[in-house]
Amino acid sequence: MRRNLFALPAAAVAAALLLAGCGGSTGAGSDGPAKADPGPETGTITFTGTDNAETYQPVIKAFEAKNPGIKVTYTQIPFDQFNATMQQRLSAKDAGIDVYTVDEPRVSQLAAKGFLTDLGDLDAKVKTSFSAAAYKTNHFRDKLWSLPMWNSTQYLFYNKTALAKAKVTPPTADPQQRWTWEQVEAAGRKSMQAGGTKYGLFMEQPEAYYQLQPLAESLGGGSGIEGDDALTPAIETDGWKKAMQWYGATFASGLSPRGIGGFQTGPVFANGDVAFFVGGPWDLKIFGSSKIDWGVAPLPYFQGGKPVTPTGSWSLGINPASKQQRMARKFIEFATLDPAGNLATTSTTTIIPANLDAQKQYTPKMDAFSGTKTAGAAAITAYESEHTAVSRPVSVGYIQFEEVMGKAFADIRNGTNPDQRLQQATQQLTEAWKSIK
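Criteria and cut-off values
Residues numbered from 1 in each chain as written. Predicted model: local features only at pLDDT ≥ 70, side-chain atom pairs only at ≥ 80, totals over all residues. Heavy atoms only, no water. Pairing = 2+ DSSP bridges. Helix = DSSP H or I, 4+ residues; strand = E, 2+ residues; numbered from the N terminus. Contact = heavy atoms within 4.5 Å. Axes fitted to C-alpha atoms, helices over the stretch in contact; angles between N-to-C directions. Polar contact = N/O pair within 3.5 Å; in protein donor to acceptor, adjacent residues only side chain to side chain. Expected span 1.5 Å × (residues − 1). Buried < 20%, exposed > 50% of the residue type's maximum accessible area, 1.4 Å probe, protein only. Phe/Tyr/Trp six-rings, centres within 6.5 Å; stacked < 30°, edge-to-face > 60°. Core = buried A, V, L, I, M, F, W, Y, C linked by side-chain atoms within 4.5 Å. Domains from an automatic or database assignment.

**Details of the sheet that holds strand E2 (residues 70-76)**
- Strand order across the open sheet formed by five strands is E2-E1-E3-E15-E6, with mixed pairing between neighbours. Of all strands in the sheet, those bounded by a partner on one side alone are E2 and strand E6 (147-148).
- Contacts from helix H2 (residues 53-66) reach strand E1 (43-49), E2 and strand E3 (99-103), with the element oriented near 170° to E2.

In structure tokens form, the structure reads like this:
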């Protein structure tokens with residue numbers, strides 16, 4: 001879930017949203033795409049994703065060893081170009097893409113547009129191999145379209161040295177005693193006042209729905225999408241308004257820094273400039289090279305609200321235009337349904353494998369990713385997965401929703417009135433979703 005969101009001018013957003021709407025007669029909205037020729041049993045397939053090539057070398061190597069007649073060639077597309085590039089190539093029925101990474105909330109729209117191969121014959125096996133949330137988010141209209149590869153959660157990282165200087169007792173790793181956001185804010189300000197850090201709190205993805213959804217959900221605001229067709233904006237609830245008012249105030253007061261985004265957020269914590277940092281499992285190793293002394297705690301919640309944490313990550317899908325369907329199926333099944341293959345996808349990163357058997361082998365190791373600093377991470381991860389994890393909404397309009405909300409979060413962060421900006425976002429989404437309805 002290491003991600004950036006698009007920030008387009010208003011006119012460009014409107015045009016892009018209309019272009020992104022459902023269309024085409026070969027998607028799941030009709031009778032589904034025609035059955036593809038399974039293709040040859042041996043040869044070379046292409047795999048396209050956003051992570052660097054080193055991330056996937058272990059799983060590719062393991063797959064090729066098990067299937068000596070098949071080679072896998074990986075191509076990386078930077079995340080900020082990935083969605084637009086894939087939209088263009090898949091629309092053109094580009095057979096140069098066989099397998100590609102799929103952000104789970106985008107499954108519905110990709111399937112509706114005919115950009116994913118139907119994997120329904122694997123449904124029963126997928127249902128028993130992954131969590132209920134992962135199973136659900138890879139479906140659209142009761143059909144399975146992609147296979148879960150990774151899972152995720154979020155932690156509260158804290159600077160032990162800075163908190164000691166401010167005479168603040170650090171939060172515990174016990175999920176039953178997790179801090180509230182109000183406690184984090186108060187402790188962060190003490191750290192700033194004591195000269196321990198420049199800032200009190202920072203989110204790794206400060207303009208991403210994935211990381212900010214729990215704020216509104218904690219206050220009972222809902223996911224932001226409602227209706228039988230999941231195409232009705234619901235971002236002006238009391239919970240959303242209160243959450244965004246609080247969020248905007250963290251930047252207006254200087255508790256959180258403006259002007260830092262993308263992949264520059266992590267170094268703010270690693271360099272010792274912030275007391276509290278909200279990040280994911282990938283940071284458990286990334287921060288291991290930091291010179292500061294840090295620890296990890298459960299994601300906070302609002303006082304009077306409930307604990308909510310994000311979940312989900314990348315899945316693997318097959319391009320219907322691929323001429324290598326048989327080999328592509330073998331690869332994605334190995335990388336997801338085979339516990340050994342799924343574990344191999346996490347060999348060079350600390351993302352969580354989605355396969356439940358792979359998780360059982362992987363999670364206990366998390367406490368030692370960065371020595372004693374990551375103590376408690378395994379228990380936090382297991383608890384959140386079972387008790388507090390909430391998926392992003394499943395909607396054929398999710399792509400537009402994520403992009404509109406990303407721009408709204410950016411504006412709120414930079415000082416725009418939260419209530420007015422949520423009202424504007426509601427209008428943008430209502431207009432954008434007319435073409436889908």
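From this point, the discussion proceeds with the structure in view.
**Description of the sheet that holds strand E9 (residues 199-203)**
- One open sheet holds the four strands; their spatial order is E9-E12-E8-E13, and the pairing between them is mixed. Taken across any chain shown, the strands that pair with only one partner, and hence form the sheet edges, are E9 and strand E13 (294-298). On average, each strand axis in the sheet is tilted by 20° relative to the strand beside it, whichever way the strands run.
- Examined bridge by bridge, E9 and strand E12 (residues 274-279) share four bridges and lie parallel to one another. Across the sheet, Tyr199 pairs through a bridge with Val274, a residue of E12.
- Where helix H16 (residues 377-387) meets the sheet, it contacts strand E8 (155-159) and E13, and its direction lies at approximately 20° from that of E13.

**What about unusual backbone geometry?**
- Its identity is not glycine, yet Asp142 carries a phi of approximately 65°, on the positive side.
- Topologically, Asp142 is positioned in the loop between strand E4 (139-140) and strand E5 (143-144).
- In the Ramachandran plot, Ala230 falls in the positive-phi region, its phi being about 55° despite a non-glycine side chain.
- With respect to the helices and strands, the residue Ala230 is situated in the loop between strand E10 (225-226) and strand E11 (232-233).

**Description of the side chain of Ser395**
- Turning to its location among the elements, Ser395 is positioned in the loop between strand E18 (389-390) and helix H17 (398-413).
- Reaching out from Ser395, the side chain makes a polar contact with the backbone oxygen of Ala230 at a distance of 2.6 Å.
- Looking at Ser395, its side chain comes within polar contact range of the main-chain nitrogen of Gly397, at 3.0 Å.
- Once you skip the residues sitting within four places of it in the chain, Ser395 turns out to touch Pro105, Ser108, Ile225, Ala230 and Leu231.

**Here we look at helix H13 (residues 325-336)**
- The terminal C-alpha atoms of H13 lie 16 Å apart, and with 12 residues this matches the ideal 16 Å at 1.5 Å per residue to within 8%.
- With nine of 12 residues buried, H13 is to be regarded as a mostly interior element.

**As for the packing of aromatic side chains**
- One pass over the structure, following the stated rule, counts 29 aromatic pairs.
- A ring pair is formed by Tyr209 and Trp240, whose centres lie 6.4 Å apart and whose planes are at 15°; its orientation type is stacked. Taken together, the positions of Tyr209 in helix H9 (residues 209-218) and Trp240 in helix H10 (residues 238-252) put the pair 31 residues apart, joining distant regions of the chain.
- For Tyr209, a relative accessible area of 0% gives the class buried.

**Comments concerning the environment of Asp118**
- Positionally, Asp118 belongs in the loop between helix H4 (107-112) and helix H5 (123-129).
- Put simply, Asp118 and Lys373 are 255 residues apart on the chain and 43 Å apart in space, counted from C-alpha to C-alpha.
- Beyond its immediate stretch of four places on either side in the chain, Asp118 contacts Lys143, Leu144 and Trp145.
- Within the local environment of Asp118, its side chain forms a polar contact with the backbone nitrogen of Gly120, the two atoms lying 2.7 Å apart.

**Let's talk about the nonpolar core**
- Trp181, Leu215 and Phe276 are the most contacted members of the largest nonpolar core, which has 118 residues in total.
- The dominant element in this core, judged by the number of residues it contributes, is H17, at seven residues.
- Per-domain counts for this core show at least three residues from each of domain 1 (43-152 + 312-386) and domain 2 (155-311 + 391-434).
- In this structure, Leu215 is in contact with Trp181, Met203, Ala243, Met244, Trp246, Tyr247 and Phe302, ignoring residues within four places of it in sequence.

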